[in-house]
Number of protein chains: 2
Amino acid sequence: MTEEPQKPSRRERLRAQTLQEIEENSFAIIDADGVHALSIAALARSMAMSAPAIYRYFASRDALVTHLITLSYQQLTDAMAQAVHGSRRAPRARIGLLVTAYRDWALRHPQRYGMLFGERGEDLPADAPGPTPLDQAMALLIDVLTAAGDGSPSDGSSGDRALDGQLKKWARSQERPDTSARVARAAIVVWTRVHGIVSLELTGMLEAQGIEAQRLIDLEIDDAVRSLSTPA
Amino acid sequence: MTEEPQKPSRRERLRAQTLQEIEENSFAIIDADGVHALSIAALARSMAMSAPAIYRYFASRDALVTHLITLSYQQLTDAMAQAVHGSRRAPRARIGLLVTAYRDWALRHPQRYGMLFGERGEDLPADAPGPTPLDQAMALLIDVLTAAGDGSPSDGSSGDRALDGQLKKWARSQERPDTSARVARAAIVVWTRVHGIVSLELTGMLEAQGIEAQRLIDLEIDDAVRSLSTPA
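Along each chain, residue indices are assigned from 1 in the same order as the chain's sequence is written. To label them, take the chains in the order written and letter them from A, then take the ligands in the order written and number them from 1. With pLDDT at 70 or above as the cut-off, local features in this predicted model cover only qualifying residues; side-chain atom pairs require 80 or more to be listed or tallied, and sums for whole chains, interfaces and linings still use all residues. Side-chain metrics in this entry use all non-hydrogen atoms of the structure; hydrogen atoms and water are not considered.

Identification of chain A as TetR/AcrR family transcriptional regulator from Amycolatopsis balhimycina DSM 5908 is taken from an unreviewed UniProt entry.

## Observations concerning the relation of the copies chain B and chain A
C-alpha atoms of residues with pLDDT of at least 70 in both copies form the basis for the least-squares superposition of the copies. For the pair chain B and chain A, the relating rotation is 180°, the translation along its axis is 0.0 Å, and the fit reaches an RMSD of 0.0 Å. Such a combination of rotation and displacement between the chain copies is what one expects of a two-fold axis. Measuring from the rotation axis to each C-alpha of chain B, the shortest distance belongs to Gly196 of chain B, at 1.8 Å.

## Describing the nonpolar core
Working definition of a nonpolar core: buried Ala, Val, Leu, Ile, Met, Phe, Trp, Tyr and Cys residues. They are joined through side-chain atoms within 4.5 Å. Per-residue accessibility, obtained with a 1.4 Å probe over protein chains only, is compared with the maximum for each type, and a residue is labelled buried under 20%, exposed over 50%, and partly exposed between these values. If you look at the biggest cluster of nonpolar residues, it comprises 134 residues, and the most contacted ones within it are Phe117 of chain A together with Phe117 of chain B. Note on contacts: a residue pair is in contact if any heavy atoms of the two residues lie within 4.5 Å. Contact partners of Phe117 of chain B, with chain neighbours within four places excluded, come to Ser199, Leu200, Thr203 and Met205 of chain A together with Tyr73, Leu76, Tyr102, Leu134, Trp191 and His195 of chain B.

## Here's the deal with the packing of aromatic side chains
Residues and elements named next belong to chain A. Ring pairs are drawn from Phe, Tyr and Trp, using the six-membered ring of Trp, whenever the two centres fall within 6.5 Å, and their geometry is named by plane angle: stacked under 30 degrees, edge-to-face over 60, tilted for the rest. For the structure shown, the criterion picks out ten aromatic pairs over all chains. Judged by centre distance (6.1 Å) and plane angle (35°), the rings of Tyr102 and Phe117 are tilted. Taken together, the positions of Tyr102 in helix H5 (residues 91-108) and Phe117 in helix H6 (residues 110-117) put the pair 15 residues apart, joining distant regions of the chain. Taken together, a centroid distance of 4.9 Å and an interplanar angle of 55° make the contact between Tyr113 and Phe117 tilted. With Tyr113 and Phe117 both in helix H6 and four residues apart, this pair spans about one turn of that helix. Only DSSP runs of H or I reaching four residues or more are called helices, and only runs of E reaching two or more are called strands; each is numbered from the N terminus.

## Re the interface of chain B and chain A
Contacts between chain B and chain A engage 51 residues on the former and 52 residues on the latter. For the pair chain B and chain A, the two sides together bury roughly 4100 Å², of which 63% comes from carbon and sulfur. Salt-bridge detection follows one rule: a side-chain nitrogen of Lys or Arg within 4 Å of a carboxyl oxygen of Asp or Glu. Of the charged contacts, one joins Asp223 of chain B and Arg193 of chain A as a salt bridge, the two residues approaching to 3.7 Å between their closest N and O atoms. Those elements giving two or more residues to the side of chain B that touches chain A turn out to be helix H1 (10-33), helix H6 (110-117), helix H7 (133-148), helix H8 (161-173), helix H9 (181-202), helix H10 (205-208) and helix H11 (213-226) of chain B. Top element by residues in the side of chain B that touches chain A is H9 of chain B. It accounts for twelve residues. Looking at the side of chain B that touches chain A, its residues break down into 22 nonpolar, 15 polar and 14 charged. Buried area: the accessible area, evaluated with a 1.4 Å probe, that two parts lose upon being put together, summed over both parts. In the scheme used here, Gly and all other residues not listed as nonpolar or charged are polar, with Ala, Val, Leu, Ile, Met, Phe, Trp, Tyr, Cys and Pro taken as nonpolar and Asp, Glu, Lys and Arg as charged.

## Digging into H9 of chain B
All names here are of chain B. Each helix should span, by expectation, one fewer than its residue count multiplied by 1.5 Å. If you check H9, its first and last C-alpha atoms are 31 Å apart, about what 22 residues at 1.5 Å a residue would give, namely 32 Å. In terms of residue burial, H9 counts as a mostly covered element, since 22 of its 22 residues are buried. Following H9 by one or two positions, Gly204 adopts a phi angle in the positive range, close to 85°.

## Let's talk about H7 of chain B
Helix length check: H7 of chain B (16 residues) gives 23 Å between terminal C-alpha atoms against 22 Å at 1.5 Å per residue, within 8%. Within the sequence span of H7 of chain B, burial applies to Pro133, Leu134, Asp135, Ala137, Met138, Ala139, Leu141, Ile142, Val144 and Leu145 of chain B.

## Observations concerning the packing of helix H8 (residues 161-173) of chain A against H11 of chain B
Where helices are involved, their axes are fitted lines through C-alpha atoms of the stretch in contact, as for all axes, and angles between N-to-C directions lie from 0 to 180°. Close contact between H8 of chain A and H11 of chain B brings their axes to 10 Å; oriented N to C, the two are set at 115°. The angle between H8 of chain A and H11 of chain B places the two elements in the roughly perpendicular class. Crossing of H8 of chain A against H11 of chain B: the hand is left-handed. Contact residues: Ala162, Leu163 and Gln166 of chain A in H8 of chain A; Arg215, Leu216 and Leu219 of chain B in H11 of chain B. Grouping the constituent residues of the contact of H8 of chain A with H11 of chain B by class yields four nonpolar, one polar and one charged. If an angle is under 35 degrees, it is roughly parallel; if it is over 145, roughly antiparallel; if it lies from 65 to 115, roughly perpendicular; otherwise it is oblique. By definition, turning the near helix anticlockwise from the far helix through less than a right angle yields a left-handed crossing, and turning it clockwise yields a right-handed one.

## Quick word on unusual backbone geometry
Unusually for a residue other than glycine, Ala48 of chain A sits at a positive phi of about 55°. Secondary-structure assignment places Ala48 of chain A in the loop between helix H2 (40-47) and helix H3 (51-55). Positive phi is not limited to glycine here, since Glu175 of chain B has a value of about 60°. Here Glu175 of chain B shows up in the loop between H8 and H9.

## Brief notes about the environment of Ala44 of chain A
Residues and elements named next belong to chain A. Relative to the assigned elements, Ala44 resides in helix H2. Relative accessible area serves as the criterion here: at 4%, Ala44 is assigned to the buried category. For Ala44 and Ile22, which are 22 residues apart along the polypeptide, the C-alpha to C-alpha distance reads 8.8 Å. Residues contacting Ala44, with those up to four places away along its chain left out, are Met49, Ser50, Ala51 and Ile54.

## Quick look at the packing of helix H5 (residues 91-108) of chain B against H6 of chain B
All names here are of chain B. Closest axis-to-axis distance for the H5/H6 pair is 5 Å, and the angle between their directions is 110°. It follows that H5 is roughly perpendicular to H6 by the angle criterion. Residues Tyr102, Trp105, Ala106, Leu107 and Arg108 of H5 lie in contact with H6, whose contacting residues are Pro110, Arg112, Tyr113, Leu116 and Phe117. Looking at the contact of H5 with H6, its residues break down into eight nonpolar, no polar and two charged.

## A word on the pattern of salt bridges
For the coordinates displayed, the defined rule picks out 22 salt bridges over all chains. The shortest N-O distance in the salt bridge between Arg215 of chain A and Glu212 of chain A comes to 2.9 Å. According to the relative accessible area criterion, Arg215 of chain A is partly exposed, its value standing at 28%. Since its relative accessible area comes to 37%, Glu212 of chain A is described here as partly exposed. A salt bridge links Arg193 of chain B to Glu220 of chain A, with the nearest nitrogen and oxygen atoms 2.7 Å apart. One end of the pair, Arg193 of chain B, is in helix H9; the other, Glu220 of chain A, is in helix H11 (residues 213-226), on a second chain. An identical accessibility class is assigned to Arg193 of chain B and Glu220 of chain A; each is buried.

Have a look at this one:
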């Protein structure tokens, strides 16, 4: 006789349902007006609940925002992971898929992207220490860049040994301890370059200048991939 | 007998003084809580003035914010221009001075930097069309990169002719019509790369990962400068 999986109680189901509604309503407020518009009072109003009822789920606005930041990182990382899942394409193409998923998510959720990577004002809690879902995304990128760098046995120095040391230490914290300084550097610069372009794209500045963000991104990824095999 | 310069009337002096107080108080609110915290009501409160009195200076919040954005661009551009004014150092060093001035301004005024280059929410007016002070800063960068590229007669294609065309058109709009696609590309990537690193530095993310932003910036500038002389 196998044991039935225990069904959640009615109370548990209601609690899960309310939690999901809190998440959805919070994201609706953020998407409309930015994270600074999210307060427990505004959320309670939008759900026709009382503020004390919300506090039974989150002890503070900071706790709620931290939860939403983690959720958003997870959505972004999931989108990136799905983009390359099972792909047999060449490494350069897989990097393009990862970056496209990142950019698409940012363009679809500009306010959430700003919450993750924008200037942190008073109204955003500091990131929780320890590995975040973003680290999983970076590990994906490191894996593909490692594949792209195949055939280049040299570790390659950036000409800045202190930075190389920081990069290798960073790679270890991404659970990729065998990453060369060269690959770690490529991973960081792909991220910072794409972030720079995408965040300026979100302001409309690149379009106003008549420059296509996607073409600039392709150029920058090619440059970063080339740095994996060019003799330093 | 030379004509005395006409003295401003008492009324004009008071108006100029109030305008300056509006600017200072607005920046104080922005620096403390971000531009979303700036409303005519909040500003009036901070100046112990009535809202209608403020509206005699700015017809709307949008008009005020547009004025503050222009002022901020001007401050940033002035800081960059002063950094290289009269400098006889080598082009690479002058690029470093420009970028350092840009980064220092961003670190000193993170909320204003976010107002200029962060995600534009509902509470930020679109940029005014036409050349902005930022264009003056880009022209400075183009000039130094042109000097850095000396001795490289090739125009150099990025391998993307459409992007090259966009870049050359962009350079023309910066009043640098003779700029090669190669130099224009280097100017744009220096900007987007530095913006990417600085804006992540402002979130505290790079520091949390143990990576020094300045070293990463140096590496990225060197790479962009190298692209000016490497055969394409």
